[in-house]
Structures are given as C-alpha cells and as structure tokens.
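Commentary on secondary and tertiary structure
Next come the chains, spelled out residue by residue.
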Amino acid sequence: MAADLSQIVKAYDVRGVVPDQWDEPLAELFGAAFVRVTGADAVVTGHDMRPSSPGLSRAFARGAAAQGADVTEIGLCSTDQLYYASGALGLPGAMFTASHNPARYNGIKLCRAGAAPVGQDTGLAEIRELVERWSESGAPEPTADAPGTLTRRDTLEDYAAYLRSLVDLTSVRALKVVVDAGNGMGGHTVPTVFDGLPLTLVPMYFELDGTFPNHEANPLDPANLVDLQKRVREEGADLGLAFDGDADRCFVVDERGEPVSPSAITALVASRELARNGGKGTIIHNLITSWSVPEVVREHGGTPERTRVGHSFIKAEMARTGAIFGGEHSAHYYFRDFWNADTGMLAALHVLAALGGQQGTLSALVAQYDRYTGSGEINSTVDDQTARLAAIRAAYEGRDGITLDDLDGLTVTSADWWFNVRPSNTEPLLRLNAEARDTATMTKIRDEALTLIRSRPTP
C-alpha cells in the first residue's frame, strides 16, 4: 500500500515523527525523488544533532547516489551552514532537522543550487508524489549509467570565514557574551564563528543533545529565554544570544536581561547593510514587523518593501526586488550576500559589530530602533476564521482615518496604531499583532480586537 505523506510533507519542508510517520526507507526514496525532480547530478547533505538525523541523512544520500548523483555529505551542521554549502558549491541541498520541534520529530529542508527554496510550488509536490508511488512499488531503476559517489567534506571553517567576511569586525571592543545554544547546532557553530574575536564567551547548553534536556530549543517562546536572561544578569554580560535547534534563528537579550525585539534587530541590521551598500537598496520586512523598520530604512536611504509572513514570501520578494536584506518578527534574517537565505549567525555578528564599535550599552543602542509598543503575537481559537475576520472588518470599515488592507489576513491602520489579524493555515486560530505609539493606546486597541475575535458569533 502506498504511503500517505499528507501529514509530513508541509508547504516548505518535510516534518514528522520518527519512526511513526517516516523512517530511513522513506528517506532513501526522498533522496531518489529529489534527484529525479531537480535533475541534479550532484547534491549536498547535512544534518543536526537529533538521534535519528545521521541515519536519515545517510539513507537520503544512498537514494540520491542510486539515481546517479554524487553526494557531498557535510555531516553535523546548522541549517544556514547547509545553505552556505549549497551556495558556495553550487549544489542542491538537503538539511535533516526538525528545527525547534521536540526530539521525536525530524524533517528535511530542501533547496536547489544557490540555496533557492524548494516548496510545494517549486518541486516538493512532485517529490511527494514520487515517494508515495515508490513506497508501494519501490524506486525505479536509475537513469544514470553508474551510481554516484558519497564524499564527506567539512565546511565549518569555510562557512565561518565567509560569514566574517560579510561584517567589519575590526573595531569590536572586548565584549562578554552569553550564548544559549539549547543543546542545538549553535553549540557546534558558535565556537568556530566567534574564534579570534575579542569576546569572552559564556556557553550555555553547548552539548549537542537532540533530546533537549534543558529546555526546548525554541527561543520564540519566552519560557525558553529565562535561563539566558538570568545568566546575562549574573555574569554582568554585555548581551546574550539564543539560537534555535538548527541555529538558523537568533534571539538577542540586552545587558539587563531584557529581550530585544526582532523588529529592532531587523532595523539595526538594515541600517548597517544599507551603509555597506552606499545608502541604497531595498529592505524586505513582513507586515507584522514594527513601524520602526520602514522608518529606519527610509532614514538611511533605503526602500522598504512590505510582504506577507513566511520565508517563502520573503525569499521570493528578495529575488524579485534584488533586496539586500530582509527580516521577520520571528527572528529570521535574510541576506542577499548569503544567497537570499536566512542566517541568524550573520545577524548576530552584525549586533556584535554594532555594539562593539561604540562604548554604550546594547539597550541604549537599540532604543533608536525600537520606537513603538507592540503586543507580541496573541493566538485565539475560533469556530469560524472567515466569520470573525468579517466581523472585525465590519467594526472598522468606514471609520474616519482608518484604512484596511488584505495583504495577509486583515490589517487595520490608524495614525497612532495598527493591528493585523491573520488565520493559521494549519489550526483553527486567528493570530493578532498590534502596535501603537504608547502602551495605553496599544492595550486599548489590542483588547478591542481580542473582544471582536473572541466574541460569540450572532446566530
């Protein structure tokens, strides 16, 4: 019987429980299908520290090689290190990780040569179809005359050197930085990337352990930042950095132990990337980043471009506009000079360079990039997403001084505040983000919106 992969092949990656939903035989079929769909004669693979990752990655490599592709295996790596290898070697890539998901999960992030993303509309649907068919009949005979080779290659030093070449770190003063790797791949990459910099590194949870014994490797959840915040204060450190499981996202904590908004980091890095490019360039930001982002971009000579939430939209707009940088509220940061791919490590180097290039504190530095009060993302379970959005629209439509737009869900904007409500694609949720010029206004508009979202629909 053919496998049903609808539960594990998502919009932009493969992700599910091992071995319940997928296993090494399926991974081997994914490798064969990836070569068939991309037409690649060579691919690069990498994997995180999860117990199931080495076996799944090797099985994928076997499947790809059986179809005639030469496979370069870079082994343990962060997701952005795999993107580096795909870009630098000019090869399609496969990264085995489930990012911040619990230990029993694993997945595959696929890209074409130059780290170009593979999603449902760019090959993932065809890959799924082939794997489902072959799971019943077996993979077909290879079209190549001979199987491909499997070669191991270490890219960590080259990856670190490339990142450091993109940021001027020559004038960084001595800094004390606490890094919480969450037992994820940051523990593997940070020591090499930071080597030679004038930093006193205080490592937390650098032991690679895919069972995540200390806390989830998901810094988007405030509960997972508590240990880092406490340690920064105890150490009297200049800042703290937290990476997620596959170390492609980076969160920043200031010297007081207070989290720095990813919007403020987006604005700070945007100003630096614009300076690197002569004060010209397009900066991409999703529609729920702070008003601070487009303001700072314009002040530094750049052109802000607003897009929907989600890395596929950011990457598509990066490619379409030739943007030099893009940022999201979720601490994904995208760089033209990194093949339009996201790398939290490069954003972290920018923060270190900006802080270390002057004498003030991080909280003082980021204050100029953090100008408004935001609610953060608030999720509400609803019976009918469409009906609730319609009720919100009806409440605000036609009011003086208020505009509505539908780029992603519904955004309601006034002179002093805005909020966005967008539906989850996978759960019966509405996600609210609100921002205003002061806390009282933000609280009022947030509560108004939540009342409309959570009120019972009229029969």
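Here, residues in each chain are numbered from 1, in the same order as that chain's written sequence. Residue-level local features of this predicted model are given only where pLDDT is at least 70; pairs of side-chain atoms are given and counted only at 80 or more, and the full residue set underlies all totals for whole chains, interfaces and linings. Hydrogens and water molecules were not included; the side-chain quantities draw on all heavy atoms of the structure.

The subject of this paragraph is the overall build of the protein chain. In DSSP terms, a helix is any run of H or I states spanning at least four residues, a strand is any run of E spanning at least two, and both are numbered starting from the N terminus. Across its full length, the protein chain carries 14 helices and 22 strands. With C-alpha atoms as the basis for the radius of gyration, the globule rule is written as 2.2 Å multiplied by the number of residues raised to the power 0.38. Computed over C-alpha atoms, the radius of gyration of the protein chain comes to 23 Å, within 12% of the 23 Å expected from 2.2 N^0.38 for 459 residues, which places it in the range of a compact globule. Projected onto its principal axes, the C-alpha coordinates of the protein chain cover approximately 70 × 65 × 45 Å. In the protein chain, buried positions account for 56% of the 459 residues. Long-range contacts, defined as pairs at least 24 residues apart, comprise 68% of the intrachain contacts of the protein chain with a sequence gap of at least 6. Under the convention used here, a 1.4 Å probe and the Shrake-Rupley method define accessible areas, while residue burial counts only the protein chains that appear. Counting every atom, the protein chain has about 18,300 Å² of accessible surface; 48% of that belongs to carbon and sulfur. Between buried and exposed lies partly exposed: a residue is buried under 20% and exposed over 50% of the maximum accessible area for its type, with that area taken using a 1.4 Å probe on protein chains only. Contact criterion: two residues are considered in contact whenever any of their non-hydrogen atoms come within 4.5 Å of each other.

With that out of the way, let us pick up the sheet that holds strand β11 (residues 250-253). One open sheet accounts for five strands, arranged β9-β8-β10-β11-β12; its pairing is mixed. Each edge of the open sheet is held by one strand with a lone partner, namely β9 (199-204) and β12 (259-260). We treat two strands as partners when DSSP finds at least two bridges between them. Here strand β10 (residues 239-243) pairs with β11 via four bridges, running antiparallel. Paired with glycine 240 across the bridge in β11 is valine 253. Only the contacting stretch of a helix is used when fitting its axis, a line to C-alpha atoms as for every element, and angles between N-to-C directions run 0 to 180 degrees. The strands that helix α11 (residues 344-356) touches are β8 (175-180), β9, β10 and β11; relative to β10, the one it contacts most, it runs at about 175°.

For this document, the term salt bridge refers to a Lys or Arg side-chain nitrogen within 4 Å of an Asp or Glu carboxyl oxygen. Per the counting criterion, the structure on display carries 29 salt bridges. Between lysine 109 and aspartate 248 there is a salt bridge whose closest N-O contact spans 3.3 Å. In this pair, lysine 109 is assigned in strand β5 (residues 105-112) and aspartate 248 in the loop between β10 and β11, connecting sequence segments 139 residues apart. Per residue, the accessibility class of lysine 109 equals that of aspartate 248, and both read buried. In this structure, the salt-bridge partner of arginine 249 is aspartate 244, at a minimum N-O distance of 3.1 Å. For arginine 249, a relative accessible area of 5% gives the class buried. A residue is classified by how much of its surface remains accessible, and aspartate 244, at 0% relative accessible area, is buried. Counted as one network, the salt bridges with shared partners bring together Glu273, Arg276, Arg336 and Asp337.

Glancing now at the packing of aromatic side chains. Paired rings are identified among Phe, Tyr and Trp, the last through its six-membered ring, by centres lying within 6.5 Å, and are further divided according to the angle between planes into stacked (under 30 degrees), edge-to-face (over 60) and tilted (the rest). Counted under the stated rule, the structure contains 16 aromatic pairs. Relative to tyrosine 159, the ring of tyrosine 84 has its centre 6.3 Å away and its plane inclined at 65°; by these criteria the two rings are edge-to-face. One end of the pair, tyrosine 84, is in helix α3 (residues 79-89); the other, tyrosine 159, is in helix α5 (residues 156-165), with 75 residues separating them in the sequence. In this structure tyrosine 159 comes out as buried when scored by relative accessible area, which is 0%. Their ring planes at 65° and their centres at 6.0 Å tell us that tyrosine 84 and tryptophan 339 sit as a pair that is edge-to-face. Highlighted residues: tyrosine 84 in helix α3 and tryptophan 339 in the loop between β16 (333-335) and α11, separated in sequence by 255 residues. Judged by relative accessible area, which is 26%, tryptophan 339 ranks as partly exposed. Among the aromatic side chains, those forming a connected cluster through ring pairs are Trp22, Phe30, Phe34, Phe60 and Phe96.

Moving on, we come to helix α2 (residues 53-66). Over its 14 residues, α2 runs 20 Å from end to end, which matches the ideal 20 Å to within 8%, given 1.5 Å per residue. Buried within α2 we find Ser53, Leu56, Ser57, Ala59, Phe60, Ala61, Gly63, Ala64 and Ala65. In this structure, the buried side of α2 is in contact with α1 (24-38), β2 (42-47), β3 (70-76), β4 (93-96), β5 and β7 (150-152). Positive backbone phi, approximately 100°, marks glycine 68, located one or two places after α2. An expected span of 1.5 Å times one less than the residue number is assigned to each helix.

Within the fold, arginine 58 resides in helix α2. The class of arginine 58 is partly exposed, set by a relative accessible area of 29%. For the pair arginine 58 and glutamate 24, spaced 34 residues apart in sequence, the C-alpha separation works out to 8.5 Å.

Moving on: the nonpolar core. Grouping buried Ala, Val, Leu, Ile, Met, Phe, Trp, Tyr and Cys residues that are joined through side-chain atoms within 4.5 Å yields what is termed a nonpolar core. Judged by nonpolar contacts, the single largest core of 84 residues is most densely connected at Phe194, Leu241, Phe243, Leu349 and Leu362. Beyond its immediate stretch of four places on either side in the chain, leucine 241 contacts Val177, Val178, Val179, Asp180, Phe194, Leu228, Cys250, Phe251, Val252 and Ala348.

Before going further, it helps to examine α11. Between its first and last C-alpha atoms α11 spans 18 Å; for 13 residues at 1.5 Å apiece the expected length is 18 Å, and the two agree. Counted residue by residue, α11 has 13 buried out of 13 residues, so it is predominantly covered.

For the rest of this paragraph, the subject is unusual backbone geometry. Proline 19 follows valine 18 through a cis peptide bond whose omega is 0°. Of note in the backbone geometry, serine 99 takes a positive phi value of approximately 55° without being a glycine. Structurally, serine 99 can be placed in the loop between β4 and β5. The exposure class of serine 99 is buried, given its relative accessible area of 6%.

Let us look at the sheet that holds strand β15 (residues 325-327). In space, the four strands of this open sheet follow the order β14-β13-β15-β16, with mixed pairing throughout. Each edge of the open sheet is held by one strand with a lone partner, namely β14 (303-307) and β16. Along the sheet, successive strands turn relative to each other by an average axial angle of 20°, direction set aside. Two elements, β15 and β16, share three bridges in a ladder whose sense is antiparallel. Of the residues in β16, the one forming a bridge with glycine 327 is tyrosine 333.

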